[in-house]
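What the coordinates show
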Amino acid sequence: MAPEDTKQRFDSKAATQILEEVVKKVLKDATYRTDLVPEWQAAIYKESLTRLTQMKGTFKYIVTSTIMESVGAGVHISSTSLWDAESDGSAVFRFENKTMVVFVYAFGLAV
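The following refers to the structure shown. Keep in mind the model is a prediction, meaning the values are calculated, not measured. Each chain carries its own residue numbering, running from 1 in the direction its sequence is written. Reporting in this predicted model follows two pLDDT cut-offs: at least 70 for local features of residues, and 80 or more for side-chain atom pairs to be given and counted; totals over whole chains, interfaces and linings ignore these cut-offs and use all residues. To obtain the side-chain values, all non-hydrogen atoms of the structure were used and water was disregarded.

Details of the overall build of the protein
Helical segments are the DSSP runs of H or I of at least four residues, strand segments are the runs of E of at least two, and each set is numbered from the N terminus. Per the secondary structure count, the protein includes two helices and three strands. For the protein, the sequential pattern of α-helices and β-strands runs α-α-β-β-β. In terms of overall dimensions, the protein has C-alpha extents of about 55 × 25 × 20 Å along its principal axes. Within the protein, the proportion of its 111 residues that are buried is 33%. To sort residues, take the accessible area from a 1.4 Å probe on protein chains only and compare it with the maximum for the residue type: under 20% means buried, over 50% means exposed, and anything in between is partly exposed.

Digging into the pairing of strand 2 (residues 89-96)
Residue alternation in strand 2 divides its side chains into a buried set, Gly89, Ala91, Phe93 and Phe95, and an unburied set, Ser90, Val92, Arg94 and Glu96. Any two strands between which DSSP finds at least two bridges are classified as paired. Of the strand pairs in this sheet, strand 2 and strand 3 (residues 100-110) are connected by eight bridges, and their pairing is antiparallel. Across the sheet, Arg94 pairs through a bridge with Phe103, a residue of strand 3. Here strand 2 hands over to strand 3 after three residues, the two strands then running antiparallel side by side.

Focus on the side chain of Ser48
Position of Ser48 among the secondary structure elements: in helix 2 (residues 37-52). On the accessibility criterion, Ser48 (0% relative accessible area) is buried. Contact between two residues is taken to exist if any of their heavy atoms lie within 4.5 Å; hydrogens are not considered. Other than its neighbours up to four places away in sequence, Ser48 contacts Ile18, Leu19, Val22 and Val63.

Details of the pattern of salt bridges
Between side chains of opposite charge, a pair can form when the charged atoms approach closely. Here, a salt bridge means any Lys or Arg side-chain nitrogen found within 4 Å of an Asp or Glu carboxyl oxygen. Summed over all chains, the structure comprises four salt bridges. When the shortest N-O distance is used, the salt bridge between Glu21 and Arg51 registers 2.5 Å. Within this pair, whereas Glu21 is found in helix 1 (residues 12-27), its partner Arg51 is found in helix 2, the two being separated by 30 residues in sequence. Under the relative-accessibility criterion, Arg51 is labelled partly exposed at 24%. For Glu96, the salt bridge identified is with Arg94, shortest N-O distance 3.0 Å. The class for Arg94 is partly exposed, based on a relative accessible area of 46%.

Description of the packing of helix 1 against helix 2
Where helix 1 meets helix 2, the axes come as close as 9 Å, and the angle between the chain directions of the two elements is 145 degrees. Seen along the crossing, helix 1 lies across helix 2 with a hand that is right-handed. For the pair helix 1 and helix 2, the contacting residues are Ala15, Ile18, Leu19, Glu21, Val22, Val23, Lys25, Val26 and Leu27 in the first and Trp40, Ala43, Ile44, Glu47, Ser48, Arg51 and Leu52 in the second. Each residue is assigned to one of three groups, with Ala, Val, Leu, Ile, Met, Phe, Trp, Tyr, Cys and Pro labelled nonpolar, Asp, Glu, Lys and Arg labelled charged, and all others, Gly among them, labelled polar. For the contact of helix 1 with helix 2, the per-class residue count stands at eleven nonpolar, one polar and four charged. To get an axis, a line is fitted to the C-alpha atoms, and for a helix only the part in contact is used. The angle between two axes follows their N-to-C directions and goes from 0 to 180 degrees. If you view the pair so one helix is near and one far, a crossing is left-handed when the near helix is turned anticlockwise from the far one by less than a right angle, and right-handed when it is turned clockwise.

Following this line, the structure appears as structure tokens:
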């Protein structure tokens, strides 16, 4: 069995940077349209997972998103997990423009 200090740790900072770059690329000039949300989410998921799997370490990844029209209402989104705090982790990126609010979460679970 490998010593504990060789365990890979999910790099939340790098993952957050990936999410930011991907979301800004996909939604850079977008105006909210309900019919385009599934297309945007698919593009965000595909690119995020492709880039996350290139990070150091062996992890299973989960990427989720919420894309909603900005109508002036408040929103609170949270998550919780029970995992190995020494290796697993999460990242979140919030994007907002005049027409939408977007939250994208990535979870990395050590294999």
